[in-house]
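Examining the three-dimensional arrangement
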Amino acid sequence: MLLLSGDQVREAFPVAEAYRVVADVMRRYSGGEVVQPVRTVLSSGRDTSLFAAMPCHVSGESDSGYGLKAVLHAPGNAARGLPTHVGVVVVFDPETGQPLAMLEGAAVTALRTAAASAVATDALALPDAGDLALIGAGTQARGHLLALSEVRELRRVRLWNRGAARAEEFVAWARTKAGITVELMDTPAEALYGADLVCTTVDTAEPVVKAGHLAEGTHVNAVGSSVPGKRELDAAAVASCTVFVDSREGALRESSELAAPVEEGLVPADRPLTEIGEVLLGKQPGRTDPAERTLYKSLGMAAQDVASGFAVVRAARRLGIGTVTDFTC
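Residues numbered from 1 in each chain as written. Predicted model: local features only at pLDDT ≥ 70, side-chain atom pairs only at ≥ 80, totals over all residues. Heavy atoms only, no water.

**Re the domain arrangement of the protein chain**
Segmenting the protein chain into domains produces domain 1 (2–109 + 303–324) and domain 2 (115–300). Between domain 1 and domain 2, the C-alpha centre-to-centre distance is 23 Å. Residue-level contacts link 17 residues of domain 1 with 29 residues of domain 2. Between domain 1 and domain 2, a total of about 1,900 Å² is buried, with carbon and sulfur atoms accounting for 62% of that surface. For the interface between domain 1 and domain 2, the tally reads 1 salt bridge. Between Glu-254 and Arg-39 there is a salt bridge whose closest N-O contact spans 2.9 Å. Remark: the boundary between domain 1 and domain 2 carries 9 residue pairs in polar contact (both at pLDDT 80 or more). The leading source of residues in the side of domain 1 that touches domain 2 is helix H2 (residues 15–30), at 9 residues. For the side of domain 1 that touches domain 2, a count of residues per class yields 9 nonpolar, 6 polar and 2 charged. (Domains from an automatic or database assignment. Contact = heavy atoms within 4.5 Å. Buried area = accessible area lost by both parts, 1.4 Å probe. Salt bridge = Lys/Arg side-chain N within 4 Å of Asp/Glu carboxyl O. Polar contact = N/O pair within 3.5 Å; in protein donor to acceptor, adjacent residues only side chain to side chain. Helix = DSSP H or I, 4+ residues; strand = E, 2+ residues; numbered from the N terminus. Nonpolar A, V, L, I, M, F, W, Y, C, P; charged D, E, K, R; others polar.)

**A closer look at a nonpolar patch on the surface**
The grouping of Leu-42, Phe-51, Leu-72 and Val-86 at the surface amounts to a nonpolar patch, some 300 Å² of accessible area in total. Tracing the sequence through the fold places Leu-42 in strand E3 (residues 40–42). (Patch = residues over 30% accessible without salt bridge, like charges linked within 9 Å, V, L, I, M, F, W, Y side chains within 5 Å. Areas by Shrake-Rupley, 256 points an atom, 1.4 Å probe, with all protein chains shown as cover.)

**Structural notes on the sheet that holds strand E8 (residues 131–135)**
Read from one edge to the other, the open sheet built from 8 strands follows the order E10-E9-E8-E11-E12-E15-E13-E14, with strand pairing classed as parallel. At either end of the open sheet lies a strand with only one pairing partner, and these are strand E10 (183–184) and strand E14 (274–275). Along the sheet, helix H4 (residues 105–124) makes contact with strand E11 (197–200), strand E12 (219–222), strand E13 (242–245) and strand E15 (294–297), crossing E12 at roughly 160°. (Pairing = 2+ DSSP bridges. Axes fitted to C-alpha atoms, helices over the stretch in contact; angles between N-to-C directions.)

**Section: the pairing of strand E7 (residues 99–104)**
Pairing between strand E1 (residues 2–4) and E7: 3 bridges, direction parallel. Across the sheet, Leu-2 pairs through a bridge with Ala-101, a residue of E7. Across 5 bridges, strand E6 (residues 85–92) lies against E7 in antiparallel orientation. Residue pairing for E7: Val-90 is matched across the bridge by Met-102. From the end of E6 to the start of E7, which pair antiparallel, there are 6 residues, and Gly-97 there has a positive phi angle of about 80°.

**Describing the packing of H4 against helix H5 (residues 139–151)**
The contact between H4 and H5 brings their axes to 8 Å, and the two run at 40°. When the axis of H4 is compared with that of H5, the two are oblique. The way H4 lies across H5 gives a crossing that is right-handed. Across the interface between the two elements, Thr-109, Ala-110, Thr-113, Ala-114, Ala-115, Ser-117, Ala-118, Thr-121 and Asp-122 from H4 touch Thr-139, Gln-140, Gly-143, His-144, Ala-147, Leu-148 and Val-151 from H5. (Parallel < 35°, antiparallel > 145°, perpendicular 65-115°, else oblique. Left-handed = near helix turned anticlockwise from the far one by under 90°.)

**Quick look at H5**
In a regular helix each residue adds 1.5 Å, so 13 residues correspond to 18 Å; H5 covers 19 Å between its end C-alpha atoms and thus fits that length. Listed as buried for H5 are Gln-140, Ala-141, Gly-143, His-144, Leu-145, Ala-147, Leu-148 and Val-151. (Expected span 1.5 Å × (residues − 1). Buried < 20%, exposed > 50% of the residue type's maximum accessible area, 1.4 Å probe, protein only.)

Set out below in structure tokens:
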């Protein structure tokens, strides 16, 4: 079995390759080539930690087979200077069933999540969109800045984050590591004003994005609220957008963001939710009007992790990286 650290995952899985793999597996999911239950989420009841198990099988000529991600959300890690999401991705040999590799989960999650938003942005945003608002300054915000810069020419980037120190660290990182100038804003509204691209990456139960903050024609990637009870956009903001999802089944089961407008009577319960894979396959339309607001509600799905895991293993073998351990009987 091959063991791969976070740094090795990032070395083997550049942004462009992550985009290709994630776009492909989103097509396969919407085309019926993935067997995937909605994730199982457990809470101990003793703290705010959450544990999720995400198994699936992906069919296809490459990046396919059985796999799973096990991830633990540990909010207390922020004070320890550790990632709040920790876990592993495990993929199994398609022929023998032996464990093929175990990968550091946070790195896979960050790369595939940003790649999925880039895929959605490429499919839904206006062709000349380039004024980006980032809400949040963590790992996901960094990944999204890099991924979106691959699919659109960014003319301006504005950032709002609750903590000033982390926001300033982000600005310095963006300038030195990504060669991108980022402007700090005092409020979400200031960051969002006139932006035609939006990425929200904050873990919050109290929405920070209101309908009046969003410009006509903007495209929003809502990423941070990935479990029930969390919302980054208020109900009116969601109701003002045409909504797209990675998995319709997962979105209907897990997204409080999409449930709130229904509960408040702003949209009907049978409001269409189009999967990004359906747009990529040409089964459903994407944006239909330049003034339309589009929203990609990202919840993430096991198929993205597992397909990414197989792709990383393939690249790691080519690069000669990782640690091999004997895991047979």
